[in-house]
Amino acid sequence: MVEVYEFWTIIVSLSVVKLCHWIYKWINPNSNGKLPPGSMGFPIIGETFEFMKPHDAFQLPTFLTKKLLRHGPIFRTSLFGAKVIISTDIGLNMEIAKTNHAPGTPKSLVRFFGENNLFVRSKESHKHVRNLTTQFLGSQGLRLRMIQDIDFLARKHMEVGAKSGGLDTKETTSKILIECLAKKVMGDMEPEAAEELTRCWTYFPRGWFRFSWNIPGTGVYRMLKARKQMMNLIKETVLKKRASGEEFGEFFKIIFGETEGGAETMSIENAIEYIFTFFVIANETTPGVLAATVKLINDNPKVKQELQREHAQIVRDKTEKKEADLTWEDYKSMTFTQMVINESLRITSTVPTMLRITEHEIQVSGYTIPVGWIFMGFPSVHFNPEKYEDPLAFNPWRWKGKDLSVILSRTYMPFGAGSRLCLGAEFAKLQMAIFIHHLCRYRWSMKTETTVLRRFILMFPRGSDVQISEDTEMDNSAGY
Ligand code: HEM
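Residues numbered from 1 in each chain as written. Predicted model: local features only at pLDDT ≥ 70, side-chain atom pairs only at ≥ 80, totals over all residues. Heavy atoms only, no water.

To keep things clear, this is the line we draw: UniProt positions are given in the numbering used here, feature names are shortened, and annotations may be inferred rather than shown by experiment.
In the nomenclature of an unreviewed UniProt entry, the protein corresponds to Cytochrome P450 from the organism Thlaspi arvense. For the record of the protein, the UniProt heading Subcellular location (unreviewed entry) holds the text "Membrane". Of the protein, the UniProt comment under Cofactor (unreviewed entry) reads exactly: "heme".

So, in structure tokens, the structure goes:
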């Protein structure tokens, strides 16, 4: 009896020692030098809950500001089960974005994008998909392929919204985006398949970016199921089209090398994962930023007035010229709108925009950043009063006279930097401008109760509804 008791005492003691050692290692991770200051929080959970606390979307998170005060611009933490370095040092952020390639997605999130995803698999496959995407979403592709569709869809949704008295900005943008991309990617789809594809998205928008488990009944479980359904649906459509010789959308033509009689550049499985990633990223970014932009415009009557003036002028010119659709030149003439978009992207960039996994050890300011950690670079320079006067103010006029097409500089990085600089930046800006154009053709206002929060992604707990009145649409007797 005594022996059994001793045996268990030894086992328990050993386990306690091992656990203590593990906790010690958690708090003091291995490094070949001095780690940046900070705390690793609780085992496994780390500081995820503090990091994910909802905050005002137009201000840097309290988590960040508190840590900056305590530790300075570079500190360590643990989030989503991973070891993380957070930095607001612009030089370091740019350097890491340029010299490190692997995307900083914690393992708990990789499952949404697929382990085999071409964006993450190897440097070569990444380069290849970036080239393909640029053909599709670079200025040339947008001018030739996209502008008409976005214009048509934005106009259509706005008219429907006006008839029923209003629309939800974020949801409508999401619909426009999915309809537009689905058509470009797949070509015309059977209406049922298109409907099913859109329906699958309803499981995605809220809260995929969180620390949780794949258990039946949870949001993650439903999202992974929707992911599978979508992948099957895209695959079925592609195979059917191939078998019947029906035409694909331009996107598939590009990735299957059909544009210039080239060889097939990607397998169907890879193409589907690629498209899926693309849809998820697009849907998680532009709709939120656009809805937040509409809120900023609504709360700043002078900005709204200036926008109404700019778009009234475009409508008048088009009516005179008897032109029906928006052209690239019209888009380029929306100077104030682009100033508004730039300013909104500056002020809504309250998340890290440069995310990498460190591929080599980095020495900085006497600290060592080890290999294999997630690096999150915040563009907090957007809120630096030396670079932007009164940085918390939404002031589109500060962009006057600047080159509005620049998507990256040392003081402006809403779309990241380096080898993973956003591929959809121009597309997103175009979509936002066209949406604002069609919205400004009506008298509109956003519901006063609208609030914009961030919990890593932008959230609108009370929706993002705008009321639109149909009877005040600008004169369009020429059919514009
Ligand atoms: C306002 C809207 C958007 C914002 C603020 C935004 C921002 C970003 C950021 C910060 C990154 C990461 C860059 C890095 O880690 O250095 C990124 C990557 C990416 N974005 Fe966007 N994005 C937006 C819209 C879009 C859209 C509409 C698409 C596609 C249609 C898109 C496609 C991508 C892709 C494919 C990547 C990954 C690039 C790579 O890994 O090579 N984005 N975006």
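1. A short note on the site of the ligand
We count it as follows: Any residue with a non-hydrogen atom lying within 4 Å of a molecule or strand is treated as near it. N or O atoms within 3.5 Å of each other form a polar contact, as long as, within protein, one can give a hydrogen and the other can take it, and as long as residues adjacent in sequence are counted only when both atoms are side-chain atoms. The way it works is that DSSP assigns letters per residue, a run of H or I at least four long becomes a helix, a run of E at least two long becomes a strand, and they are numbered from the N terminus.
Taken together, 26 residues surround the ligand, and among them His-126, Arg-130, Arg-356, Arg-420 and Cys-422 come closest. Contact distances for the ligand include 2.6 Å between an oxygen atom and a side-chain N or O atom of Arg-130. The side chain of Arg-356 places a nitrogen or oxygen atom 2.9 Å from an oxygen atom of the ligand. At the level of elements, α6 (123-137), α12 (268-298), β5 (354-357) and α16 (425-439) are the ones that each hand at least two residues to the shell around the ligand. Among the elements that line the shell around the ligand, the one with the most residues is α12, at six residues.

2. Let's talk about the coordination of the iron atom of the ligand
Worth spelling out the cut-off: Because water is not among the atoms used, a metal site may look incomplete, as its donors are only the N, O and S atoms within 2.8 Å, or 3.2 Å for Na, K and Ca.
Inspection of the coordination sphere of the iron atom of the ligand shows a single protein donor, Cys-422 (SG), at 2.3 Å. Considering the arrangement of structural elements, one finds Cys-422 in the loop between β8 (374-377) and α16.

3. Comments concerning the sheet that holds β8
Here is the rule we go by: Strands pair, by our definition, only if DSSP identifies at least two bridges between them. All axes are obtained by fitting lines to C-alpha atoms, using only the stretch in contact for helices, and the reported angles, taken between N-to-C directions, cover 0 to 180 degrees. In this description, contact between two residues means that some pair of their heavy atoms is separated by no more than 4.5 Å.
As summarised here, the arrangement of the four strands in space is β2-β3-β8-β5, forming an open sheet in which the pairing is mixed. The open sheet has two edge strands with one neighbour each: β2 (74-79) and β5. Neighbour-to-neighbour, the strand axes of this sheet turn through a mean angle of 25°, independent of strand direction. Bridging between strand β3 (residues 82-87) and β8 involves four bridges; their strand directions are parallel. Paired with Ser-87 across the bridge in β8 is Gly-377. On top of the sheet, helix α3 (residues 62-71) reaches β2 and β3; it is set at about 135° to β2, its chief contact.

4. So, the confidence of the model for the protein
Convention followed: Scored from 0 to 100, pLDDT records how confident the predictor is in each individual residue.
Taken over all residues, the pLDDT of the protein has a mean of 86, while the share at 70 or more is 85%. For the protein, the element scoring lowest by mean pLDDT is helix α5 (residues 107-113), at 64; helix α15 (residues 335-348) scores highest, at 98.

5. Quick notes on helix α13 (residues 301-321)
Every α-helix winds through 3.6 residues per turn, so residues three or four apart in the chain are directed the same way. Note the cut-off: Expected helix span is taken as 1.5 Å per residue step, with the number of steps being one fewer than the number of residues. Throughout, exposure labels follow a simple rule: accessible area from a 1.4 Å probe, protein chains only, divided by the maximum for the residue type, with under 20% read as buried, over 50% as exposed, and the rest as partly exposed.
The end-to-end C-alpha distance of α13, which contains 21 residues, comes to 30 Å, matching closely the 30 Å that a straight helix rising 1.5 Å per residue would cover. If you check which residues of α13 are buried, you get Val-303, Lys-304, Leu-307, Glu-310, His-311, Ala-312, Ile-314, Val-315, Lys-318 and Thr-319. Those residues of α13 that are buried are in contact with α12, α14 (328-332), α15, α16 and β9 (443-446). At the C-terminal side of α13, Lys-322 shows a positive phi close to 55°.

6. Points about the nonpolar core
Threshold: Among buried residues, those of type Ala, Val, Leu, Ile, Met, Phe, Trp, Tyr and Cys that are joined through side-chain atoms within 4.5 Å constitute a nonpolar core.
The biggest cluster of nonpolar side chains holds 104 residues, and the ones touching the most others in it are Phe-51, Ile-86, Met-146, Leu-181, Phe-427 and Ile-468. Considering each element in turn, this core owes the most residues, 17 residues, to α12. What Phe-427 contacts, discounting residues up to four positions off in sequence, is Leu-137, Leu-142, Met-146, Ile-150, Leu-177, Cys-180 and Leu-181. One finds Met-40, Leu-92, Ile-96 and Phe-375 within the second-largest nonpolar core, a separate group that totals 12 residues.

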